[in-house]
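Overview (structure and organization)
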Amino acid sequence: MSVEGPARQMCAERSRGVLRALTAALIERYRDRLPVTATTPVVTLGEGSTPLLRAPRLARAAGLRELWLKWEASNPTGSYKDRGMTLAVSKALEEGAQAVLCASTGNTAGSAAAYAARAGLPAVVLTPQGAVSGAKLAQTRMLGATVLEVRGDFDEALAAAQELAARGTHVLVNSLNPYRREGQKTAVLEIVEELGAPPDAFVLPYGGGGNTSSYAQALRELGVDTPLVSVEAARRRETLATAIRIGAPVHAAAVAAAGARIVAADDDELVAAWRRLAVEEGLFCEPSSAAGLAAVLRGDVEGERLAVTITGHGLKDPAVADRLAPPPALVDPDPDAIAAASPSARSGG
Ligand SMILES: *Cc1c(COP(=O)(O)O)cnc(C)c1O
């Protein structure tokens, strides 16, 4: 059966619109709000335009009218870092860079490696020794980056990267790179567009603070005065949330100047929020990514319509899940044994 007339036209328009949203490079979608020109080479892997998911169960639990989760795990390398990296690597290519360089707890590494490969540039990645998840390292190595484990923590690796970049041989693509922060503004633009208005607050994890300063910049540029709540690990240097295990946040001054509210969550709260997000809403993120939700579930964020950013995918840092989630029971391939070991089927109502 064929669809005729106005219905057919509507379907065609809708599918064109959806295709545009799903396949467009972030730089194309927000060209007018980003520092690019018609001749900037666009290095893209189809980043941005991530789902904004309503979380009704967790909203009820937190006494909220609406809880919206910005699912940044669906970016090409599994974290929001791709929003900034598309711009940083495009501009590096435009400016004739020979190589890109970063220090990373893992997600910047994977993203830099992917976009550098896409651009045909070498990438050098410095990781604090023993502090990066095996999955993120495998991703970064597979993407062809030169991975150097630094005898030191993240802050020391970043200082070394800055010193090397200052010599002019490598372009630094950490969030100190202003193009990274420009690209990361787009999450806020997407959320406001999709909700039709700013939420009562934006809530996100606080590691180095680059993303918080990007969100603040986006709000300033939109002329919107909405609270920004930035949630850090209570014990920054020891937290199990490796993506925010950063002792000295390099953007602390910018975060303070932006007027973001800083909230701390301890590891027990992070893990509890992280589990609830998985079990009650079906979203498996990495532990750091649940920081914003931890503050919301504690009742620490005012407002009844909140947008919480979930920054990275659980598959990128599965070690904690492997340790904490219930292990499988061993059964024979027998329906009675399987039924006996299963939760009883949910009855109606
Ligand atoms: C980088 C990262 C963070 C922290 O972001 P900052 O900009 O450093 O504050 C949080 N979660 C994930 C998954 C990350 O990759």
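Anything mentioned here points back to the structure above.
Residues numbered from 1 in each chain as written. Predicted model: local features only at pLDDT ≥ 70, side-chain atom pairs only at ≥ 80, totals over all residues. Heavy atoms only, no water.

Re the pairing of strand β3 (residues 100-103)
- Of the two faces of β3, the one holding V100 and C102 and the one holding L101 and A103 are both buried throughout.
- Note: β3 against strand β4 (residues 123-128), four bridges, orientation parallel. The residue of β4 that forms the bridge with L101 is V124.
- Each parallel crossover has a hand, and for β3 linked through helix α5 (residues 107-119) to β4 it is right-handed.
- As defined by bridge partners, β3 adjoins strand β6 (residues 171-172) across two bridges and the pair is classed as parallel. (Buried < 20%, exposed > 50% of the residue type's maximum accessible area, 1.4 Å probe, protein only. Helix = DSSP H or I, 4+ residues; strand = E, 2+ residues; numbered from the N terminus. Pairing = 2+ DSSP bridges. Right-handed = clockwise from strand over helix to strand, strands pointing away.)

A look at the sheet that holds strand β7 (residues 201-205)
- Pairing is mixed across the open sheet formed by six strands, whose spatial order is β1-β2-β10-β7-β8-β9. Edge positions in the sheet fall to β1 (52-54) and β9 (261-265), since each of these pairs with one other strand and no more. The average undirected angle you get between the axes of adjacent strands in this sheet is 25°.
- When strand β2 (residues 66-71) meets strand β10 (residues 305-310), the two strands line up parallel, connected through six bridges. (Axes fitted to C-alpha atoms, helices over the stretch in contact; angles between N-to-C directions.)

Considering the pattern of salt bridges
- A full pass over the atoms with the stated rule returns 19 salt bridges.
- Residues R261 and D300 are paired through a salt bridge, measuring 3.1 Å at the closest nitrogen-oxygen approach. Taken together, the residues span a long stretch of sequence, with R261 in strand β9 and D300 in the loop between α13 (291-297) and β10 at a distance of 39 residues.
- Overall, the relative accessible area of 37% leaves R261 in the partly exposed class. (Salt bridge = Lys/Arg side-chain N within 4 Å of Asp/Glu carboxyl O.)

Some thoughts on the site of the ligand
- Around the ligand lies a shell of 17 residues, among which K81, N107, G207, G208 and T311 are the nearest.
- Here an oxygen atom of the ligand sits 2.8 Å away from a polar atom, N or O, in the main chain of G209.
- Residue T311 places a side-chain N or O atom 2.8 Å away from a nitrogen atom belonging to the ligand.
- More than half of the atoms of the ligand fall within 2 Å of the grid points belonging to the largest cavity. (Near = heavy atom within 4 Å. Polar contact = N/O pair within 3.5 Å; in protein donor to acceptor, adjacent residues only side chain to side chain. 1 Å grid on protein atoms, 1.4 Å probe; cavity = no way out; pocket = protein on both sides within 12 Å on 5 of 7 lines; lining within 4 Å. Sits in = over half its atoms within 2 Å of the grid points.)

Some points on empty space enclosed by the protein
- As enumerated under the stated definition, the model contains one cavity of 30 Å³ or more in all.
- Here the largest cavity is characterised by a volume of approximately 380 Å³.
- Lining the largest cavity are 31 residues, and of these Y80, K81, G208, A243 and I246 lie nearest its centre.
- Where the lining of the largest cavity is concerned, the elements lending two or more residues are α5, α7 (154-165), α8 (178-184) and α10 (210-222).
- Top contributing element to the lining of the largest cavity by residue count: α10, with three residues. (Points joined across faces, edges and corners; volume = space filled by probe spheres on them.)

A look at the environment of N177
- As for its position among the elements, N177 is in the loop between β6 and α8.
- Along the backbone, N177 and L87 are 90 residues apart, and their C-alpha atoms lie at a distance of 9.9 Å.
- If we ignore the near neighbours within four places in the chain, the residues touching N177 are A88, V171 and L172.
- Within the local environment of N177, its side chain forms a polar contact with the backbone nitrogen of Y179, the two atoms lying 2.8 Å apart. (Contact = heavy atoms within 4.5 Å.)

What to know about the sheet that holds β4
- Pairing is parallel across the open sheet formed by four strands, whose spatial order is β5-β4-β3-β6. For this open sheet the edge positions go to β5 (146-150) and β6, each flanked by a neighbour on one side alone.
- Of the strands in this sheet, β3, β4, β5 and β6 touch α7, which is tilted by about 155° from β3.

Some details on the environment of A319
- Structurally, A319 can be placed in helix α14 (residues 319-324).
- Its relative accessible area of 46% is what places A319 among the partly exposed residues.

Quick look at the packing of α5 against helix α6 (residues 134-142)
- Two numbers describe how α5 lies on α6: the axes approach to 8 Å, and their chain directions differ by 15°. On the basis of their axis angle, the class for α5 and α6 is roughly parallel. Two packed elements cross with a definite hand, and for α5 against α6 that hand is left-handed. Contacts from N107, A109, G110 and A113 of α5 reach α6 at K136, Q139 and T140.
- Across the contact of α5 with α6, the residue classes tally to two nonpolar, four polar and one charged. (Parallel < 35°, antiparallel > 145°, perpendicular 65-115°, else oblique. Left-handed = near helix turned anticlockwise from the far one by under 90°. Nonpolar A, V, L, I, M, F, W, Y, C, P; charged D, E, K, R; others polar.)

Focus: the environment of G207
- You can see G207 is positioned in the loop between β7 and α10.
- For the pair G207 and E194, spaced 13 residues apart in sequence, the C-alpha separation works out to 26 Å.
- Residue contacts for G207: discarding those within four places in its chain leaves R236, I244, I246 and P249.

As for the nonpolar core
- One finds L67, L69, V231, L277 and V301 to be the most contacted residues of the largest nonpolar core, which totals 37 residues.
- Non-local contacts of L67, meaning those with residues more than four positions away in its chain, are made with L53, R54, A55, L58, A59, L293, L306 and V308.
- Among the nonpolar cores identified, the runner-up in size contains 20 residues, and V43, V89, A116 and A119 belong to it. (Core = buried A, V, L, I, M, F, W, Y, C linked by side-chain atoms within 4.5 Å.)

Topic: the side chain of T309
- Structurally, the position occupied by T309 is in strand β10.
- Only 2.9 Å separates the side chain of T309 from the side chain of Y215, close enough to count as a polar contact.
- T309 has contacts with K70, E72, V203, L204, P205, Y215 and S289, leaving out every residue within four places of it along the chain.

The quantities given are spatial measurements derived from coordinates; they are silent on function.
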